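The lines below spell out each chain.
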Amino acid sequence: MSRKLRATALAGVLALAVSGCGGVGGGDDEAGGTATRGTLTTMGFGLSDEIATTRVDAFKRDHPDVELKITEGAFDEQQFLSAVAAGNPPDLVYMDRKLIGTYATRGSIQPLTDCVDEQGIDMGQYRQAARDQVTLDGTVYGIPEFSQVRVLYLNEALLKQAGMTADDVDLADWAGLPALNAKLAKVSGGKLTRIGIDPKIPEFLPMWAKANGVDMISPDGRTAKLDDPRVVEALTTGLKLIQDQGGFGRFKSFRDTFDFFGAQNPLVKNQIVAWPMEEWFLNQAAKNSPKAELVVKPFVDRQGKPLTMSSGQAWVITKGAKNPDAACAFVKQMTATDTWFAAAKARADARKAAGQPFTGVWTGNLNADKKIFDELYQPTGNKRFDDAVATIRAAQDVAFAMPASPAGAEFDKAWYDAVNRVLAGQEQPAPALARAQREATAALDKAAK
Amino acid sequence: MATTTVSPPAPGAAVPGRRRRTPLARREARWAWLFLAPWIVGFLAFQAGPMIASAWLSLTEYDVINPPEYTGLDNYRELMADPQVARSLGNTVYYTALHVPLVMLISLGLALLLKRVGRLQGFFRTVFYLPVMTPAVAVGILFLLLLNTQDGLINRGLALVGIDGPSWTTDPDWVMPGIVLMSLWSLGSTVIIYLAALQNVPRDLYEAASIDGAGAWARFRHVTLPMISGALFFTLVVNTIASLQMFTEVYTMYFGNRQTQTSFNSDAATFYVIHLFQEAFQFLHMGYASAMAWLLFLIIMGITLVQVKLSKRFVYYEGEDQ
């Protein structure tokens, strides 16, 4: 054995000894899983609220031999890649699910097949849309957390002023949307002072396309469908709604002044009538403007069938993780039904202490959601908000997600850029999306090599 | 500081081929190297090393995660044909062409005014320099608000004089002027440099020029400008380099956090370094990004060399023969 090889082997043995990690399956712990000890490092996660701290505390309590080191802060690609390049990646990374395909293809994160098997993680407990985003070519690369869905928010007070009710807002009738928008929007003195309908593009274009019967990318994440006429029609529809309200410059400038997190939110200030948005706004509205005349309806396709787009986070174990056993035990416990329930209870208690309503937690775990809403959630007594919670709960069951893709970042950039060029008036929808299709296809082909 | 005087050789004495240094000169040289050592070590470790590494990586297909694979000049060929590279480079040069002259002109004007302020000069010097202390990210966000089409202070100000302000952040024709406007926020450093240079111009030169009948403009043109030309040249070079490397403020304004990706971004705001950053850290094309970095290095070096060459004609340094 050469001197260099002997030194390398020795270093490896020492490293294993020091980390207390002898590879996957180092023995049985009290819960019947693999024994976990040593140091466990994470990146991209923060202990910002009771949902995070309660779950982390549960893991620490059940795994006293694991020294958990959480580097707080949002996921930062530069930080992550630098750690990977330096050969010192964290064990676990918490990232947006849409990034998983790219990192899985490059081999920077581990397949979780063994982790799922050995820890007995029931992947069926996670929502289908979340599973789609953490699975590439049939292999699981991440354990999902949270499920953010989009629903349609309506300011009923403004609808009444226009002589309408929430039932008159029919997102299935694309042909009728411009007329509806014209009745609801308010432009005075050349300034937009009230948005009628905000289509929320570019962000929600995949949902509008889905409503028109087409996915912007194939389920395996390898074929772009950006130049499909139905995507073009979806973009054209959204564009018209914006152009009819003074053009994107005025529209965006007005929208940029909104404070969705405060007491002076656009609902209270009567700045917008109808807009699709993530479910978290309901929490903010319940907290900041409980008396607002808010109605929440499902986003629907052109046949009137409810649909929504889901997104969220996921835990991944990095290639080169020093303590994969502990990492696997951690993600199992963080996303387990009982852990989520304990975290949701902590939030409900905190809200109660603050005199604020608890509108639920959408965990991405079907069983946890059911337990939380069956056993913990109490209707607030405010029918508007209670109905809204029911609408969001139903929407969770009809959610789709953009699937994991080996060139997810470049695919997203291609269609975002296309929509932005259209909104800026530089290009028409069809040629813009045709160019995006070429760019996305080139990136996907390159990633497939 | 100690100085060394070398006596000329005595007449008739043999002049050695290489002059021997005195012990004092050798000791001074050792001290000089010692004081230079931290910078040299820093340069070798943190600049020369990464530069050599990036030169190698520019010849490879490298995604940071897997080992680099040698591909020769493929990256350079690809970037020559990449329309995004051409577009981002065009935007960057356009910005530089607007930003550098404007910063120099306005800074010089402010410095000339400051010189006349008298006792309050210290206060105003601080005031002009304060914006430089603002974090670049904060500047980006601040100007997104100021440049808001409907409610931004800038368009409100324009409205007062009857001008319907443009869509600074969404109209492709106005995005770059908006960014240039933002960039003027932090011209305090240049103002301070010019002020220092102006204060170093000997008063007797102005007096002599006045006696010769020179008016204000002639004194400025023939006394002030030549005497501060060194400072002008310095700021021309550093502002040009900084402009060609523009990143943080524009990235904050238009590209934000990719995880949320809710901000509108425009082709018109895609600067070269932003495109480089995206290629490196979002699309994991580190080899390609390295080639982009070297192209930018060569461009900056070329421009700086031209500036240095031209400076010999226009720049006066005190103590040199003219």
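Conventions we followed
- Residues numbered from 1 in each chain as written.
- Chains lettered and ligands numbered in written order.
- Predicted model: local features only at pLDDT ≥ 70, side-chain atom pairs only at ≥ 80, totals over all residues.
- Heavy atoms only, no water.
- Contact = heavy atoms within 4.5 Å.
- Buried area = accessible area lost by both parts, 1.4 Å probe.
- Salt bridge = Lys/Arg side-chain N within 4 Å of Asp/Glu carboxyl O.
- Polar contact = N/O pair within 3.5 Å; in protein donor to acceptor, adjacent residues only side chain to side chain.
- Helix = DSSP H or I, 4+ residues; strand = E, 2+ residues; numbered from the N terminus.
- Nonpolar A, V, L, I, M, F, W, Y, C, P; charged D, E, K, R; others polar.
- Axes fitted to C-alpha atoms, helices over the stretch in contact; angles between N-to-C directions.
- Parallel < 35°, antiparallel > 145°, perpendicular 65-115°, else oblique.
- Phe/Tyr/Trp six-rings, centres within 6.5 Å; stacked < 30°, edge-to-face > 60°.
- Buried < 20%, exposed > 50% of the residue type's maximum accessible area, 1.4 Å probe, protein only.
- Lys NZ or Arg CZ within 6 Å of the ring centre and 35° of its normal.
- Domains from an automatic or database assignment.

1. Section: the interface of chain B and chain A
Listed as interface residues are 34 residues of chain B and, on the opposing side, 41 residues of chain A. Where chain B abuts chain A, roughly 3,500 Å² becomes buried across the two surfaces, and 49% of that area is made up of carbon and sulfur atoms. For the pair chain B and chain A, the number of links is four salt bridges. Between Asp63 of chain B and Arg106 of chain A there is a salt bridge, with the nearest N and O atoms lying 3.5 Å from each other. Here chain B is connected to chain A by eight residue pairs in polar contact (both at pLDDT 80 or more). Taken together, the elements giving at least two residues each to the side of chain B that touches chain A come down to helix H3 (83-117) and helix H13 (272-282) of chain B. If one sorts the elements of the side of chain B that touches chain A by residue count, H13 of chain B sits on top with five residues. Looking at side-chain class alone, the side of chain B that touches chain A contains 10 nonpolar, 16 polar and eight charged residues.

2. Points about the packing of helix H12 (residues 248-255) of chain B against H13 of chain B
All names here are of chain B. Packing of H12 against H13 leaves a shortest axis separation of 11 Å and a crossing angle of 70°. Comparing the axis directions of H12 and H13 gives the class roughly perpendicular. Contacts between H12 and H13 involve Val250, Tyr251 and Phe255 from the first element and Ile274, Phe277, Gln278 and Gln282 from the second.

3. Some details on the environment of Tyr76 of chain B
All names here are of chain B. Within the element layout of this structure, Tyr76 appears in helix H2 (residues 74-81). In this structure the C-alpha to C-alpha distance between Tyr76 and Pro226, which are 150 residues apart in sequence, comes to 42 Å. Setting aside its immediate chain neighbours within four residues, Tyr76 contacts Ser58, Leu59, Ala291 and Trp294. A distance of 2.7 Å separates a polar atom in the side chain of Tyr76 from a polar atom in the side chain of Ser58.

4. A word on the packing of aromatic side chains
Under the criterion given, the structure shown has 35 aromatic pairs over all chains. Judged by centre distance (6.0 Å) and plane angle (5°), the ring pair of Trp56 of chain B and Tyr70 of chain B falls under stacked. One end of the pair, Trp56 of chain B, is in helix H1 (residues 23-57); the other, Tyr70 of chain B, is in strand E2 (residues 69-70), with 14 residues separating them in the sequence. A residue is classified by how much of its surface remains accessible, and Trp56 of chain B, at 43% relative accessible area, is partly exposed. The exposure class assigned to Tyr70 of chain B is exposed, which follows from its relative accessible area of 55%. Ring-pair connections join several aromatic residues into one group, and the members of that group are Tyr153, Phe254, Phe258, Phe260, Trp275 and Phe281 of chain A. Taking the ring centre of Phe204 of chain A as reference, the NZ or CZ of Lys200 of chain A above it sits at 5.4 Å.

5. Focus on the domain arrangement of chain B
All names here are of chain B. Looking at chain B, the domain boundaries give domain 1 (25-74) and domain 2 (78-314). Distance from the C-alpha centre of domain 1 to the C-alpha centre of domain 2: 29 Å. In this complex, domain 1 contributes 11 residues to the contact, which on the side of domain 2 involves nine residues. When domain 1 packs against domain 2, close to 800 Å² is buried across both sides, 64% of that on carbon and sulfur atoms. The largest share of the area that domain 1 buries against domain 2 comes from Met51, Ser58 and Tyr62, three residues that together contribute 39% of it.

6. Observations concerning the side chain of Arg106 of chain A
Relative to the assigned elements, Arg106 of chain A resides in helix H4 (residues 100-106). Dropping the residues within four chain positions of it, Arg106 of chain A is found in contact with Asp63, Ile65, Asn66, Phe283, Leu284 and His285 of chain B.

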